[in-house]
Every structure is written in structure tokens, then in C-alpha cells.
Amino acid sequence: MEITTDDYTVQYDRGAATVSLGGFLRLNGMEEYQPVMNVLLEAVEHSTQFTIDLRELEFLNSSGISMLSMFIVKVRDMGTVALTLRGSDKVLWQTKSLKNLQRLMPSLTLDFS
Amino acid sequence: MTQTQSARIFGAFTTEIPASEEYLTLHFSPNTVPRRRRWGNYGLSADFLGDYFAAFFPGDTLPDSKLNQRDTVKAAVSYIANELLENAVKYNDESAQAPVSICLHLYQNELIFQVVNYADANTAEKYQAFIQQLTQADLDTFYMQQLEKAATGTDSSCMGILTMMNDYGARFGWRFQPLAQQPEITQIEVLVALDV
């Protein structure tokens, strides 16, 4: 359950129950984001605590933000998973947009470093 | 005789953009190469605009931020230019045979993005309906409403425009002008101002 392209990486660490996204994600619409979404959905199935590590994700377009919102709402509706988003305060889009994603699921932990 | 339909204006639009000492314009030629194959080029162009304009700013620290001014400008320009280009291309009607363009103007405390594309009547109508909804709504409430909509898989949530406005504080103006020679095609010009 990993994706590596010239532009971005998606890695799953089962032991840490963490999916890490890195690089530049600017895919064209939800259809192209589906493989990334599938990794997240498969990974979260095995967990009661789950983390998405975004610190190395330098760029995410608005379709990617929509994908994250879609995932968060799915997890919210499952009602069984404690979700953490790990972000970097040195990556502008994360400082601008992640706090709004938290509003979709108030129990979500935002961990900036 | 062809009669020119009048333009429709929304938001903070002006036909007289103040003269700037620094500006840069990119034109993307109309062609039949599938959009999918050119998609990556728009991201590269947005990054180039970010790098180019960031070089005019010092690396001064900013209050309440771990990013200096140069890196902030670079990332903000890259995000906004990418979203504007994605929209311009996604909703462009190739039969207009006219280039999509983006121009970025630099001022002392402000950047202005100017983007032009050409849309069919239906696309232009839907876009205007969205803008009317947006400009009458409370931005914060509308943003969360559309984010929930995006989360249910509706691709027309327009999160691009909403993130630029709400998260980056960008100010928008639009002009819709049906072409005199091809009235079924509307030229859409978007102006986006960003404080720096």
C-alpha cells in the first residue's frame, strides 16, 4: 500500500498506524485522487488510532483538500477512530487550511511541529 | 449585424489595473493535446511564478510565523496561481481557439493576478450563479457548508475559490464578456488581489 511517483509519495507504516504524504500533490479532481484515498481508507480499517503525517507534503491543491475532507468525514461517521493530522508550521498551506479541516471533526487532533 | 452583449461584473473588478513596474504574463496556446498531458505544466508554471515574484521580497521574519516573507510569498503565489490556472483550464472551451493567460502584477504591498479564459454559455451561467451565491453569503459559513459538500463527493464544491478567499484572504473580481464574433463563447476575466 504505497505510491511513489516523481511528484509525490504515499507511505503506510502499519506499526505506527500512520500514512505519510510527501512532495507535491496537484492531481486533477477526485477521480485522480482515488488511489490516494484508497490507501487511507484501507489503512484506517485496521486502527482505533490513526495519523496522517503531512509534514513533508509541500503542496496540496484544493482537490486534495477536498479529498482530505472526504476522508475526515468518513472517519467522523465511523465514530471509532481517534484521528490525528500531523502538520508542519513551515509549510504555508498547512498553516492556512488544516485548522478548517479540524472543524469538520472537532475531536480530530492537530499536531503542528 | 452583430450586436455586442454587455459585460457582467462581480466583486472587486476594475478595468484599470494600476501600472506596475514588475509584471509577468504567461499565455497557454490553444491546442488539441489532451488536458491530462498538459496538467503538470500548469503546476510548474505556478511554481515558476511563485519563485519569480518571491525573489523581489526580503527574507524578513513575519510576526506569528515560522516562514519568512519570501517563502510566504512563494508558497501563496504558487497555490493561488495553480488554483486559478486549474480552474481556467478546466472550464475553458477550446473551440474559442484563444489562449488562456495569467498575468501577475507586483506592487509595494499587493499582488494582482489577472487570468483570462473562454467558456461556453452553460459554464459561464453556472459560474455566475455560484458567484452570486458566494457574494451574498457569509464567507466562513459558506466555506464550511461547501467543505461538507466536498466531503460527500460533489466535485462542484468550488473549494479552490473558497480556500483562496478564506484561507489566504484573496479578494476577487470577475468580468463575463460574451464575444462579439462568437456570442456563444464568454470571455471570463478574473482579478485576484493578495496583500503581501
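Keep in mind that what you see is a predicted model, and the values were worked out from it rather than measured.

1. Re the overall build of chain B
Phase 1 of the analysis: Helix and strand counts for chain B stand at 5 helices and 6 strands.
Phase 2 of the analysis: Along chain B, from the amino end to the carboxyl end, the secondary structure elements read β-β-α-α-β-β-α-α-α-β-β.
Phase 3 of the analysis: Rg of the C-alpha trace for chain B: 17 Å, near the compact-globule value of 16 Å for 196 residues, within the 12% margin.
Phase 4 of the analysis: In terms of overall dimensions, chain B has a C-alpha envelope of 60 × 40 × 35 Å along the principal axes.
Phase 5 of the analysis: Classification of the 196 residues of chain B by burial places 33% in the buried group.
Phase 6 of the analysis: The contacts of chain B with a sequence gap of at least 6 include a subset with a gap of at least 24, amounting to 69%.

2. Looking at the overall build of chain A
Phase 1 of the analysis: Of regular secondary structure, chain A possesses 3 helices and 6 strands.
Phase 2 of the analysis: Each helix and strand of chain A, placed in order from N terminus to C terminus, yields the pattern β-β-β-α-β-α-β-α-β.
Phase 3 of the analysis: Counting all 113 residues of chain A, 42% fall into the buried class.
Phase 4 of the analysis: Sequence-distant contacts in chain A: of pairs separated by 6 or more residues, those separated by 24 or more amount to 69%.

3. Some words on the sheet that holds strand β5 (residues 82-87) of chain A
Residue and element names in this part refer to chain A.
Phase 1 of the analysis: A sheet is described by the order of its strands in space; here 6 strands give the open sequence β1-β2-β3-β4-β5-β6, paired in mixed fashion. If you trace the sheet from one side to the other, it starts and ends with β1 (3-4) and β6 (109-112), each paired once.
Phase 2 of the analysis: Across 4 bridges, β5 lies against β6 in parallel orientation. Bridging from a neighbouring strand, Thr 84 pairs with Thr 109 of β6.

4. Overview of the packing of helix α1 (residues 29-44) of chain A against helix α2 (residues 62-78) of chain A
Residue and element names in this part refer to chain A.
Phase 1 of the analysis: One can describe the packing of α1 onto α2 by two numbers: an axis separation of 10 Å at closest approach and a directional angle of 35 degrees. Considering the relative orientation of α1 and α2, their crossing is right-handed. Here α1 contributes Gly 29, Met 30, Tyr 33, Val 36, Met 37, Leu 40 and Val 44 to the contact with α2, which in turn contributes Ser 63, Gly 64, Ser 66, Met 67, Met 70, Phe 71 and Val 75.

5. With respect to the confidence of the model for chain B
Phase 1 of the analysis: For chain B, the average pLDDT comes to 91, and 96% of its residues sit at 70 or higher.
Phase 2 of the analysis: Across the interfaces of the predicted complex, the ipTM metric reaches 0.96, alongside a pTM of 0.95.

6. A word on the interface of chain B and chain A
Phase 1 of the analysis: If you look at the interface, chain B gives 27 residues, while chain A gives 23 residues.
Phase 2 of the analysis: Those elements giving two or more residues to the side of chain B that touches chain A turn out to be α1 (35-54), α2 (69-90), α4 (139-151) and α5 (159-166) of chain B.
Phase 3 of the analysis: The element that contributes the greatest number of residues to the side of chain B that touches chain A is α2(B), accounting for 8 residues.

7. Digging into the pairing of strand β4 (residues 49-60) of chain A
All names here are of chain A.
Phase 1 of the analysis: Within β4, 9 of the 12 residues are buried, which leaves the element mostly enclosed by the surrounding structure.
Phase 2 of the analysis: In this view, the connection linking strand β3 (residues 18-25) to its parallel neighbour β4 by way of α1 has right-handed handedness.
Phase 3 of the analysis: In this sheet, β5 lies alongside β4 in parallel orientation, the contact comprising 5 bridges. When the sheet's bridge partners are listed, Phe 50 is paired in β5 with Leu 83.

8. Considering the sheet that holds strand β1 (residues 8-11) of chain B
All names here are of chain B.
Phase 1 of the analysis: In spatial order, the strands read β1-β5-β6-β4-β3-β2; together these 6 strands make up an open sheet with antiparallel pairing. Each edge of the sheet is formed by a strand with only one pairing partner; in this case those strands are β1 and β2 (22-28). Averaged over all neighbouring strand pairs, the angle between strand axes comes to 10 degrees, with direction disregarded.
Phase 2 of the analysis: Of the strand pairs in this sheet, β1 and strand β5 (residues 171-178) are connected by 4 bridges, and their pairing is antiparallel. Residue pairing for β5: Phe 10 is matched across the bridge by Trp 174.

Thresholds applied
Residues numbered from 1 in each chain as written. Chains lettered and ligands numbered in written order. Predicted model: local features only at pLDDT ≥ 70, side-chain atom pairs only at ≥ 80, totals over all residues. Helix = DSSP H or I, 4+ residues; strand = E, 2+ residues; numbered from the N terminus. Rg over C-alpha atoms; globule rule 2.2 N^0.38 Å. Buried ≥ 20, exposed ≤ 12 C-beta atoms within 10 Å, placed from the backbone. Contact = placed C-beta atoms within 7 Å. Pairing = 2+ DSSP bridges. Axes fitted to C-alpha atoms, helices over the stretch in contact; angles between N-to-C directions. Left-handed = near helix turned anticlockwise from the far one by under 90°. pLDDT = per-residue confidence, 0-100. Right-handed = clockwise from strand over helix to strand, strands pointing away.

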